[in-house]
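Here are the chains, one letter per residue:
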Amino acid sequence: MEISIYNTDNKTVDSIAHFMDFYYSLRLKHLASDLLDQGLSPKQITEAVIKAMTVGKSAGLDIDQHFRPVFTGIQKQVVSDCKLSHLAYGLVLMNADAELRVVGDFQISVLQEYIGHYGSF
């Protein structure tokens, strides 16, 4: 004999929240750990992610749509990581250690693109 539990509670809100989490996660194409390949250290990445999230919050971004904590495997180790939207990846790179060439190159390219669209100052 099997016991079935019938629950009359309709958890529509939870279902919608789970769907939205799934939807937003599909848009998170980058991992913060990808920046290891660009020459950033784990400490530099962590500091840049924190700064980028602060910038996002102050600008009114819904942080859950752009930053998602995850665990990933790197060199046979499970590490704490963060999935990032394209915007969040740029914010992290923009807020990383400015002494790194990749960071300087990124900041210059963003400003050149901005100036190109809006004229020179």
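What you are looking at is a predicted structure, and each value in this text was computed from that prediction instead of being measured.

J.: What exactly am I supposed to notice about the pattern of salt bridges here?
T.: Pairing between side chains becomes possible if they bear opposite charge and their charged atoms approach one another. The tally for this structure, following the rule as stated, stands at two salt bridges. With its nearest N and O atoms 3.8 Å apart, the salt bridge here joins K43 to E47. Residue K43 and its partner E47 are located together in helix α2 (residues 42-58), separated by four residues, close to a single helical turn. The residue D105 makes a salt bridge to R101 at a minimum N-O spacing of 3.5 Å. Taken as a pair, D105 and R101 lie in helix α4 (residues 101-118) at a separation of four residues, close to a single helical turn. Residue D105 is classed as partly exposed on the basis of its relative accessible area of 41%.

J.: I tried to follow the environment of L40 on my own but got confused; where do I start?
T.: Tracing the backbone through its elements, the reader meets L40 in the loop between β1 (30-31) and α2. Given a relative accessible area of 3%, L40 falls into the buried group. Through-space distance from the C-alpha of L40 to that of L100 is 7.8 Å; in sequence the pair is 60 residues apart. Residues contacting L40, with those up to four places away along its chain left out, are L35, I45, A96, L100 and V102.

J.: I'm lost on the environment of K29 in this one. Help?
T.: Note on placement: K29 falls in the loop between α1 (12-26) and β1. In this structure, the C-alpha to C-alpha distance between K29 and K83, residues 54 residues apart in sequence, is 7.0 Å.

J.: Help me understand a nonpolar patch on the surface in this model?
T.: Taken together, the side chains of F19, F22, Y23 and L26 define a hydrophobic patch exposed on the protein surface, amounting to about 440 Å² of accessible area. Residue position: F19 is located in helix α1.

J.: I'm lost on the nonpolar core in this one. Help?
T.: General note: in soluble globular proteins, nonpolar side chains tend to be found buried as a group. Judged by nonpolar contacts, the single largest core of 19 residues is most densely connected at L35, V49, F67, L84 and V92. Taken together, the elements giving at least two residues each to this core come down to α2, β3 (77-84) and α3 (86-94). For this core, the element with the highest residue contribution is α3, accounting for five residues. Ignoring sequence-local partners within four residues, the contact set of L35 consists of L40, I45, Y89, V92 and L93.

J.: Would you mind showing me how to read the packing of α3 against α4 here?
T.: Angle between the axes and distance between the axes: these two values describe a pair of packed helices. Two elements in contact, α3 and α4, have axes separated by 9 Å at closest approach and are oriented at 120 degrees. In terms of orientation, α3 and α4 fall into the oblique class. Facing G90, L93 and M94 of α3, the residues of α4 in contact are V102, V103, F106, Q107 and V110.

Here is what the cut-offs are and how they apply
Residues numbered from 1 in each chain as written. Predicted model: local features only at pLDDT ≥ 70, side-chain atom pairs only at ≥ 80, totals over all residues. Heavy atoms only, no water. Salt bridge = Lys/Arg side-chain N within 4 Å of Asp/Glu carboxyl O. Helix = DSSP H or I, 4+ residues; strand = E, 2+ residues; numbered from the N terminus. Buried < 20%, exposed > 50% of the residue type's maximum accessible area, 1.4 Å probe, protein only. Contact = heavy atoms within 4.5 Å. Patch = residues over 30% accessible without salt bridge, like charges linked within 9 Å, V, L, I, M, F, W, Y side chains within 5 Å. Areas by Shrake-Rupley, 256 points an atom, 1.4 Å probe, with all protein chains shown as cover. Core = buried A, V, L, I, M, F, W, Y, C linked by side-chain atoms within 4.5 Å. Axes fitted to C-alpha atoms, helices over the stretch in contact; angles between N-to-C directions. Parallel < 35°, antiparallel > 145°, perpendicular 65-115°, else oblique.

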